[in-house]
Amino acid sequence: MNKYRDFDNYFKEFPNEKGYFGEYGGSFLPPELIPAFEEAKNSYEAICQSAQFINELRRIRKDFQGRPTPVYHCERLSKLFGNCQIYLKREDLNHTGAHKLNHCMGEGLLAKYMGKKKLIAETGAGQHGVALATAAAYFGMECDIYMGEVDIEKQKPNVIRMKMLGANVIPVTHGLKTLKEAVDAAFEAYMNEYDDAIYCIGSALGPHPFPMMVRDFQAVIGHEARDQFLEMTGHFPDAITACVGGGSNSLGMFTPFLADPVEIYGIEPLGRGSNVGDHAATMQFGTKGRLHGFESYLLQDENGEPLPVYSIASGLDYPGVGPEHAHLRDLGRVHYETASDEEAMEAFFLLCRYEGIIPAIESSHALAYAIRYAKEHKSGSILCCLSGRGDKDIDYVYENYGCGEKFFNK
Ligand SMILES: *Cc1c(COP(=O)(O)O)cnc(C)c1O
């Protein structure tokens, strides 16, 4: 039990003053960018404790986002595997269909209190861009989304959504024209415009204070889920799980449970297998390094250059991971496991057919682990963060897997 009680003071210790979670995190920036991140840090620390800010954020969560999202007991799905009960935290029912809005609304509100007029970000698959464009529309702010030209071509529906919501989608045309170049372009814009703008990163990563800020804004997931689960069942779940891309929905789910007697599992994408370029399982195969202004585990070559990554879930294919995850693994508090494309897709179709819920492919990785846990344990309970809904994925899934026939005719 000591293992859990040691976490009572966790939030006072981590991150430290310099933004470190143990050995990971920090802030590695060109001198021109330091004032911008300093300003964000100082403002966040000053504003986030104020009753006015907290009350306004609560009202937004309730009236605009539709929170609290429910915890749902998957009775039919659980029955397939024995007596272990699978529960879902339904972030797919959050406005815009995923957890990303939790931190985008927080960052937008912070921008408002700081007197900023514009939100800046990069986006890869477009999910973060859509969530941020939504926040910008809500607060009546300008929104510049930097996106690689290659991604703009691949992600038309999200580009259209961002534009409908009033955002400027700015094509990035150098290098490989994908996410990495988009991050560079967004950093550069922030450097030039931080008097009027704030940068809103898409996950619990980047230089301090972003890993902490995004985790704090996402923690609404775990706080709600903990209360809801206790009220429903009278006890803690035996285990909780979430998928880990950059690590925001997972930290949001996990951190409120750190001091509780609950096993915690973060699930990374194993893609097509363990060869370089076939997965994005950073905690499994990565090494310590530095990327985009922070230190953490990375999939990198001998020269520290990021390796190619792949996952069927475009929201999970990042070659790094938020620094707090690396720390939580060092502490032995969170276990990291993987789920392959095929396992995720089987879980996807099972949830469709047995519960009437079409999940995001990202979230299906966590669900695949919940199913594996249920098969292995035969009793007890596991609470899984269903980070998003699958509407965005159905065209791709249909083209490649039909309606899941192969998983049901074995
Ligand atoms: C972006 C995304 C993820 C991955 O991001 P994290 O920061 O690791 O949470 C997971 N699920 C969905 C639905 C997403 O859109």
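Quick notes on the rules
Residues numbered from 1 in each chain as written. Predicted model: local features only at pLDDT ≥ 70, side-chain atom pairs only at ≥ 80, totals over all residues. Heavy atoms only, no water. Phe/Tyr/Trp six-rings, centres within 6.5 Å; stacked < 30°, edge-to-face > 60°. Helix = DSSP H or I, 4+ residues; strand = E, 2+ residues; numbered from the N terminus. Lys NZ or Arg CZ within 6 Å of the ring centre and 35° of its normal. Contact = heavy atoms within 4.5 Å. Core = buried A, V, L, I, M, F, W, Y, C linked by side-chain atoms within 4.5 Å. Buried < 20%, exposed > 50% of the residue type's maximum accessible area, 1.4 Å probe, protein only. Near = heavy atom within 4 Å. Polar contact = N/O pair within 3.5 Å; in protein donor to acceptor, adjacent residues only side chain to side chain. Areas by Shrake-Rupley, 256 points an atom, 1.4 Å probe, with all protein chains shown as cover. Pairing = 2+ DSSP bridges. Axes fitted to C-alpha atoms, helices over the stretch in contact; angles between N-to-C directions. Salt bridge = Lys/Arg side-chain N within 4 Å of Asp/Glu carboxyl O.

Caption draft 1: Highlighting the packing of aromatic side chains. Scanning all chains against the criterion turns up 23 aromatic pairs. A centroid spacing of 5.4 Å and a plane angle of 80 degrees characterise the contact between Phe53 and Tyr113, whose relative ring orientation is edge-to-face. Highlighted residues: Phe53 in helix α4 (residues 51-64) and Tyr113 in helix α6 (residues 100-113), separated in sequence by 60 residues. Between the aromatic rings of Phe64 and Tyr138, the centroid separation amounts to 4.7 Å while the plane-to-plane angle is 50 degrees, which identifies the pairing as tilted. Pair noted here: Phe64 is in helix α4 and Tyr138 is in helix α7 (residues 127-139), with a separation of 74 residues, a long-range link. The ring of Tyr24 has Lys288 lying over it, and the distance from NZ or CZ to the ring centre is 5.4 Å. Its guanidinium or amino end placed over the ring of Phe408, Arg353 lies 3.8 Å from that ring's centre, counting from NZ or CZ.

Caption draft 2: Geometry of the side chain of Ser387. Considering the arrangement of structural elements, one finds Ser387 in the loop between β14 (381-386) and α18 (394-401). Contacts of Ser387, omitting those with residues within four sequence positions, involve Glu91, Asp92, Gly97, Ala98, His99, Cys243, Asn249 and Ser363.

Caption draft 3: Layout of the nonpolar core. Grouped together as the largest cluster of nonpolar side chains are 91 residues, with contacts concentrated most on Phe37, Leu119, Tyr199 and Leu383. Dropping the residues within four chain positions of it, Leu383 is found in contact with Val71, Tyr87, Leu88, Lys89, Ala225, Phe229, Pro237, Ala239, Ile240, Thr241, Met253 and Phe257. Counting residues in hydrophobic clusters, the runner-up holds 37 residues, among them Ala239, Tyr369, Ile382 and Phe407.

Caption draft 4: Molecular detail of the site of the ligand. Near the ligand you find 16 residues, and of these Lys100, Ser203, Gly247, Ser248 and Ser387 are the closest. Residue Lys100 places a side-chain N or O atom 2.6 Å away from an oxygen atom belonging to the ligand. A distance of 3.2 Å separates an oxygen atom of the ligand from a polar backbone atom of Gly246. When the ligand is considered free in solution it has 390 Å² of accessible area, and contact with the protein chains removes 98% of it.

Caption draft 5: A look at the sheet that holds strand β7 (residues 168-172). Reading across the sheet, the four strands line up as β7-β6-β5-β8 and stay open at both edges, with parallel pairing between neighbours. The open sheet is flanked by β7 and β8 (197-199), the only strands paired with a single partner. The sheet shows a mean angle of 25 degrees between the axes of neighbouring strands, taken without regard to direction. In this structure, strand β5 (residues 118-123) lies alongside β8, joined through three bridges in parallel fashion. Of the residues in β8, the one forming a bridge with Lys118 is Ala197.

Caption draft 6: Examining the sheet that holds strand β3 (residues 71-74) more closely. A sheet is described by the order of its strands in space; here six strands give the open sequence β3-β4-β14-β9-β10-β13, paired in mixed fashion. A strand with exactly one partner marks an edge of an open sheet, and here the two such strands are β3 and β13 (334-340). Averaged over all neighbouring strand pairs, the angle between strand axes comes to 30 degrees, with direction disregarded. Judged from the three bridges that link them, strand β9 (residues 239-243) and β14 form a sheet pairing that is parallel. Among the inter-strand pairings, Ile240 is bridged to a residue of β14, identified as Leu383.

Caption draft 7: Representation of the pattern of salt bridges within the structure. The full count for this structure, using the stated rule, is 23 salt bridges. The shortest N-O distance in the salt bridge between Asp144 and Lys118 comes to 2.8 Å. Here Asp144, found in strand β6 (residues 142-148), pairs with Lys118, found in strand β5; they are 26 residues apart in sequence, far enough to count as distant. Of the charged contacts, one joins Glu149 and Lys177 as a salt bridge, the two residues approaching to 4.0 Å between their closest N and O atoms. You can see Glu149 sitting in helix α8 (residues 149-154) and its partner Lys177 sitting in the loop between β7 and α10 (179-193), a full 28 residues away along the chain. Residue classification places Lys177 among the partly exposed positions, given a relative accessible area of 27%. Each member of the salt-bridge network shares a partner with another, and the members are Arg67, Lys89, Glu91 and Glu224.

Everything listed is a geometric property; what it means functionally is a separate question.
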